[in-house]
Amino acid sequence: MVSNALARTGLTDITGKPLDFAPHDFRRIFTTDAIMNGMPPHIAQLLLGHKDINTTMGYKAVYPEEAINGHRAFIARRRGLRPSEEYRHPNDTEWDEFLGHFERRRLALGDCGRAYGTNCIHEHSCVRCPLLRVDPAQRQRLIDIRDNLTFRIAEAEREGWLGEADGLRVSLAAAKEKLAHADASLQRRVVAVELGMPSFRDVAARTVTT
């Protein structure tokens, strides 16, 4: 049907031969149209199933500059559809709050990896939190926390505070895990690999005897 419709148009290529379309040509048309309308080339690569992005770039009948301009136009259209409030300048209070978030990420045991604008999922029980990045220099503090938790568990079991004991065991397991991570980090720091110094005979391409 496509060939018949094309024949009736009377269109020819630069050599005067009638145009001919194969199903594979429509992949090229799709790729050209998609990239010209803002689709990033690496996304088009995934859709087409190409292992090499250069293959995808060869599919489109446009130059790289046109692809870049098409993507920029796509971004501009997307921004035009979004609320203008998202692109306003923050006031002093909002900026101070943003900076304060990163100041509050500093903790006794290390740094908090919580993203800006998100709530603390463990209600500031940092030893349980997977987002806590432990500072290896605070290893002794972790040991003190572990020992204290062990003592408190024994006290809770002795007094019959079973719910308290269960919660403390969760914290104890997390403290031991953080301590293991701190030890692993310290070990990675102290391990050194001696590469040695190559001699002249090791690096010379050949030797000449005179």
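In this report, we go over the structure that sits alongside the text.

The rules behind the values
- Residues numbered from 1 in each chain as written.
- Predicted model: local features only at pLDDT ≥ 70, side-chain atom pairs only at ≥ 80, totals over all residues.
- Heavy atoms only, no water.
- Axes fitted to C-alpha atoms, helices over the stretch in contact; angles between N-to-C directions.
- Helix = DSSP H or I, 4+ residues; strand = E, 2+ residues; numbered from the N terminus.
- Parallel < 35°, antiparallel > 145°, perpendicular 65-115°, else oblique.
- Left-handed = near helix turned anticlockwise from the far one by under 90°.
- Contact = heavy atoms within 4.5 Å.
- Nonpolar A, V, L, I, M, F, W, Y, C, P; charged D, E, K, R; others polar.
- Core = buried A, V, L, I, M, F, W, Y, C linked by side-chain atoms within 4.5 Å.
- Buried < 20%, exposed > 50% of the residue type's maximum accessible area, 1.4 Å probe, protein only.

We now examine the packing of helix H2 (residues 23-36) against helix H3 (residues 41-48). Interaxial distance between H2 and H3 falls to 10 Å at its minimum, and their mutual angle equals 155°. Put simply, H2 runs roughly antiparallel to H3. Here H2 runs over H3; the crossing is right-handed. Between H2 and H3, the residues in contact are Arg27, Phe30, Thr31 and Ile35 and Pro41, Ala44, Leu47 and Leu48, respectively. Grouping the amino acids of the contact of H2 with H3 by side-chain chemistry returns six nonpolar, one polar and one charged.

Attention now moves to the side chain of Lys178. Inspection of the secondary structure assignment puts Lys178 in helix H8 (residues 162-190). Beyond its immediate sequence surroundings of up to four residues, Lys178 is in contact with Cys126, Val127, Arg128, Cys129, Pro130, Leu132, Val134 and Leu142.

Within the largest apolar cluster, seven residues are counted, these being Leu109, Leu132, Val134, Leu142, Ile143, Leu179 and Ala182. Mapped onto this core, the elements with two or more residues apiece are strand E2 (132-134), helix H7 (139-159) and H8. When near neighbours in sequence (up to four residues on either side) are disregarded, Leu142 contacts Leu109, Val134, Ala175, Lys178, Leu179 and Ala182. Leu149, Ile153, Leu168 and Ala175 belong to the second-largest nonpolar core, a separate cluster that totals six residues.

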